[in-house]
Amino acid sequence: MDSPTTGPAAVALSRAVKTFQSPGGELVRAVDGIDLAISPGEVVAVLGPNGAGKTTCLDMLLGLTCPSAGTVAVFGASPRQAVRAGRVSAVLQTGGLLRDITVRETVQMIASTFAEHAEVEEVIDRAGLSPLARRQVSKCSGGEQQRLRFALALLPDPDLLVLDEPTAGMDVTARRQFWDTMRADSVAGRTVVFATHYLEEADAFAARIVMIAGGRIVADGPTAHIRSQATGRTVSADLPPAEAAQVLALLRSRPHVIEAATQGSRVTVTTTDSDAAARELLGELGASNLEIASGSLESAFVSITAAPDRRVRTEQEVAR
Amino acid sequence: MNATFTGLELRRVCRDYVSMFFIAVLPAFFYLIFGAAQGPSSEDAGNGNVAMYVMISMAAYGAVTATAGIGGMAAVERMQGWGRQLGLTPLPDSGYVFMKAIVAVAVAAIPITLIYLLGVLTDAEGPVGAWLLSALIVLAGAAVFALYGLVFGLALRSEAAVGAASGSLVILAFMGNIFFPLSGILLTLAKFTPLYGYVSLARYPLTEGYLFNVSDGTVTHEPLWVPVVNVSVWAVIFALLATWLVRRGRARQ
């Protein structure tokens, strides 16, 4: 399905590693060998628990930090070159704003650093900030400040837009408003990479999900694919004692089974097809005391990110 | 040079009335109290009178308060995330530093202009050359104290840094022979403090190096190399400290 793309990838990380010296003096590998290629026009969500290495990864894309090893390229150039050319911009989780100037002044200031940029008023309007243009940044709510950062990101009219947890700390209304603004801005044509904690945001907005845990990619695939796993259910039942090992092997061979484990004589199966698993367990396998529980998005997320060697294969990888 | 960016930065500082009070109004007030309104203000001091001597001192104090504040703010702003935001623009670090330096010098010119104007109105007297040269030295020397503010900002990493930088300048101004003439052991110690060389240099066109001792009425001469060495050594110390602190900050990233 991967159409041959002309020109370089929007994002290409190759064996990227970033190590930090922790305050205690030990070496921490925040990013531990990430390979990631994103084609122009893709909308990709990066998911992962706190400290997984998401922000460090995105910082490398933006040239805000350099990899300790490996390479990072944005549209075939170094991230810093891409930033200078206005091809990549970002809404940063921790991007500071000057509190004592107005919204419009902030946009004017950042705009002035670009040789070519979108009209200041137009950008303010697109971010829905027109009524607040004369307000001091310190008097804007968190959501409003985030929309301001978004306005700044639109200034160079970038081909790649990076959003690092753009809605962190917002209430539900502000979050919805932010994504509405994003959508209204016809993201079409742009490559968007965003990190988030909210699976529903990834689900609604991204075509592809990359999950990171412990500085590595633990899952990478189309959103629908990841979601089908994420929405899997757990079926548990008591097995006849002697057959546990055999049954486990059999269950694991079934395509709908994501994971199967036993505890004593009780088996727990995570599956995308709970009906099939239940039928098999109660029928041929002679199990009893069956229970079906729907797995939450969060629990699936945790189960994927907690097992670093598990990798959901993308269609491309399967084809290879 | 980006005129929009520099202009907005300048407007921003001038809008901060509290800072402007400490940068311009307070030193001007000090000049009126200690310089213009004092009995001996019309007495001779070097090529001019005491009022002019105090005028130069207070302009110098206002100017360093301005540059130290701007240097400190710049460091704190960058660390609080504005640096990351600017990292997403084509603006290089050198361009940012250059613009901040322009802003610092422009703001330092405010107390100098105000106090020199008050000097004209209140009979500060001295040769024309001494007026111009002293103003220029005050302005140029103040740039060194942008580094002083920068060091505080980099070391303390919070808004408190700006207060600490300008607050400590009050003490240094006393110790550096700015607010009132020191003598004896205090004067000897003063020669090692950072503001001494700067203010002595600024007064040089007026005093030509002659120091009047208030307590016993004697006059001593100080060669030009003393304030020059003081300013140079302190400039190097501030620059080295700032460089070291920037490196330390980078390593933590």
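Up top is the structure these notes are about.
Residues numbered from 1 in each chain as written. Chains lettered and ligands numbered in written order. Predicted model: local features only at pLDDT ≥ 70, side-chain atom pairs only at ≥ 80, totals over all residues.

Asks: Could you clarify how one ought to interpret the environment of Leu-118 of chain B in this entry?
Replies: Residues and elements named next belong to chain B. In this fold, Leu-118 is placed in helix H4 (residues 93-121). Put simply, Leu-118 and Tyr-31 are 87 residues apart on the chain and 8.4 Å apart in space, counted from C-alpha to C-alpha. Sequence-distant contacts of Leu-118, defined by excluding residues within four places in its chain, comprise Ala-28, Tyr-31 and Leu-32. (Helix = DSSP H or I, 4+ residues; strand = E, 2+ residues; numbered from the N terminus. Contact = placed C-beta atoms within 7 Å.)

Asks: Would you mind going over the sheet that holds strand S4 (residues 69-74) of chain A with me for this structure?
Replies: Working definition: the strands of a sheet are paired by backbone hydrogen bonds and lie parallel or antiparallel to each other. All names here are of chain A. Taken in spatial order, the 3 strands make up an open sheet running S2-S1-S4, and their pairing is antiparallel. Looking along the sheet, the strands with just one partner apiece sit at the ends: strand S2 (27-38) and S4. Along the sheet, successive strands turn relative to each other by an average axial angle of 25°, direction set aside. Sheet topology places strand S1 (residues 11-21) next to S2; 9 bridges connect them, and they run antiparallel. Looking at S2, one finds that Val-17 is bridged to Asp-32. (Pairing = 2+ DSSP bridges. Axes fitted to C-alpha atoms, helices over the stretch in contact; angles between N-to-C directions.)

Asks: Would you explain the interface of chain B and chain A in this entry?
Replies: Often, the extent of an interface is quoted as the loss of accessible area on bringing the components together. Tallying the contact residues gives 19 residues for chain B and 24 residues for chain A. Of the residues forming the side of chain B that touches chain A, the biggest block, 6 residues, is contributed by helix H3 (residues 50-86) of chain B. The residue makeup of the side of chain B that touches chain A, split by class, is 7 nonpolar, 8 polar and 4 charged. (Nonpolar A, V, L, I, M, F, W, Y, C, P; charged D, E, K, R; others polar.)

Asks: When you look at the nonpolar core in this model, what are you seeing that I'm missing?
Replies: A general feature of soluble globular proteins is that nonpolar side chains tend to end up buried together. Of all hydrophobic cores here, the largest spans 147 residues; its most connected members are Val-46, Ala-151 and Val-162 of chain A together with Met-55, Ala-59, Ala-60 and Val-138 of chain B. Sort the elements by how many residues they give to this core and H3 of chain B lands first, with 21 residues. Apart from residues no more than four positions distant in its own chain, Ala-151 of chain A is found in contact with Val-107, Val-123, Ile-124, Ala-127 and Leu-129 of chain A. Core analysis: the next-biggest nonpolar cluster, separate from the first, contains 13 residues, Val-235, Leu-239, Ala-260 and Val-267 of chain A among them. (Core = buried A, V, L, I, M, F, W, Y, C linked by C-beta atoms within 7 Å. Buried ≥ 20, exposed ≤ 12 C-beta atoms within 10 Å, placed from the backbone.)

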